[in-house]
Amino acid sequence: EPEVTQTPSHQVTQMGQEVILRCVPISNHLYFYWYRQILGQKVEFLVSFYNNEISEKSEIFDDQFSVERPDGSNFTLKIRSTKLEDSAMYFCASSEWGKSTGELFFGEGSRLTVL
Amino acid sequence: EDQVTQSPEALRLQEGESSSLNCSYTVSGLRGLFWYRQDPGKGPEFLFTLYSAGEEKEKERLKATLTKKESFLHITAPKPEDSATYLCADLDTGRRALTFGSGTRLQVQP
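Computed from a prediction, not measured in an experiment: that's the story for all the values here. (Residues numbered from 1 in each chain as written. Chains lettered and ligands numbered in written order. Predicted model: local features only at pLDDT ≥ 70, side-chain atom pairs only at ≥ 80, totals over all residues. Heavy atoms only, no water.)

1. Remarks on the overall build of chain B
Along its length, chain B carries 0 helices and 11 strands. Shown N-terminal to C-terminal, the secondary structure of chain B runs as helices and strands in the order β-β-β-β-β-β-β-β-β-β-β. On C-alpha atoms alone, chain B measures out to a radius of gyration of 13 Å, which is about the 13 Å that the 2.2 N^0.38 rule sets for 110 residues. Along the longest, intermediate and shortest principal axes, the C-alpha atoms of chain B span 45 × 30 × 20 Å. Looking at chain B residue by residue over its 110 residues, the buried ones come to 47%. Carbon and sulfur atoms form 46% of the exposed surface of chain B, whose accessible area is close to 5300 Å². Considering chain B, the positive charge centre built from 14 side chains and the negative charge centre built from 16 side chains are found 3 Å apart. (Helix = DSSP H or I, 4+ residues; strand = E, 2+ residues; numbered from the N terminus. Rg over C-alpha atoms; globule rule 2.2 N^0.38 Å. Buried < 20%, exposed > 50% of the residue type's maximum accessible area, 1.4 Å probe, protein only. Areas by Shrake-Rupley, 256 points an atom, 1.4 Å probe, with all protein chains shown as cover. Lys, Arg positive; Asp, Glu negative; His and termini not counted. Charge placed at Lys NZ, Arg CZ, Asp CG, Glu CD.)

Shown next as C-alpha cells:
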C-alpha cells in the first residue's frame, strides 16, 4: 500500500539552528501539507501546497518556516532558526486531486527536539 | 474561531462493551467532518468523511454519524486492537486546513 514517508524520524538540534524535514508524498497525490503536534496537544495545521505554491498557511507558519518541492518526489519543511517552542512532532500529509480535501494520508512524523 | 471539542478525553472499555465518542464543532459552513485514528507515536489514519446532517458511515466495528453541530463515533463490541486515540476534525468552506479536536484516548481491555 502506498505511504507517505518522512525523514528523519527524530532530530535533536540546538536553538537557533536550521532544520530541514523531508517528506516523500504518495506518488499520484497533488496536495501536500505539514501539520504539527506538540506533545499532549492537538494536531495543528501549518501549511498546504499545490501546484508548486503555498495555497494556505496558518498563523504558526511565520517567516521562520518555508516549504519547497525541490524535485518531483520530495516535499520539505525548513525552519530557519529553531526555537524551544518548535519542539513537536511534524507530520507531512498528502491527498489526491478530486478527493475531499480532508481525506489525508499522513506520514509517521518527524520528532523535532530543540535544546 | 472554529473550535472542535471532543469528549470524553479518555475512555476505558471492556472488550465487547459498546460506547460512543462525541465531537462538537462550531464552524457554520461545514465542508466536511472527518474522523481519524492515531496510534501512539504515529500519524493520524483517515477513517471517515461526513458531509451533511443525517449521514452515517460504517467500517467494521465503527459507525460515524453527523448532526448539525455534533458527530458521534459509535464503537460496537470493541476489541483490544481498537485501542487508540480517535481524532475528529472539521473543514470550513473555502479552506484546506483541518481543525482537529484534542481526541478521545480509547483503551479496550481484554
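2. Some details on the state of the cysteines
Going through the model one piece at a time under the given rule, you end up with 2 disulfides over all chains. Across the disulfide, A:C23 is cross-linked to A:C92 (sulfur-sulfur distance 1.9 Å). The sign of the S-S torsion, about -65 degrees, decides the handedness of the disulfide formed by A:C23 and A:C92: left-handed. Of the two residues, A:C23 sits in strand β3 (residues 19-24) while A:C92 sits in strand β9 (residues 88-95), which places them 69 residues apart along the sequence. Covalent S-S linkage joins B:C23 and B:C88, the inter-sulfur distance amounting to 1.8 Å. The disulfide joining B:C23 to B:C88 has a torsion of about -50 degrees about its S-S bond and is therefore left-handed. On the criterion of sequence distance, the pair formed by B:C23 in strand β3 (residues 19-25) and B:C88 in strand β9 (residues 84-92) is long-range, its members being 65 residues apart. Classification of B:C23 by relative accessible area gives buried; the value is 0%. (Disulfide = S-S within 2.5 Å.)

3. With respect to unusual backbone geometry
For the bond from A:T7 to A:P8, the omega torsion is -5 degrees, close enough to zero to count as cis. You can see A:P8 is positioned in the loop between β1 (5-7) and β2 (10-13). Cis peptide bonds are those with omega within 30 degrees of zero, and the linkage from B:S7 to B:P8 qualifies with -10 degrees. With respect to the helices, strands and loops of the structure, B:P8 is situated in the loop between β1 (4-7) and β2 (10-14). With a phi close to 55 degrees, A:N51 is a non-glycine residue in the positive phi region.

4. What to know about the pairing of β3(B)
Two faces, one strand: in a regular strand the side chains alternate between the faces of the sheet. Residue and element names in this part refer to chain B. Across 4 bridges, the pairing between β1 and β3 is antiparallel. What sits directly across from Q6, in β3, is C23. Here 6 bridges tie β3 to strand β8 (residues 70-75), and the two strands are oriented antiparallel to one another. For N22, the partnering residue across the bridge sits in β8 and is F72. (Pairing = 2+ DSSP bridges.)

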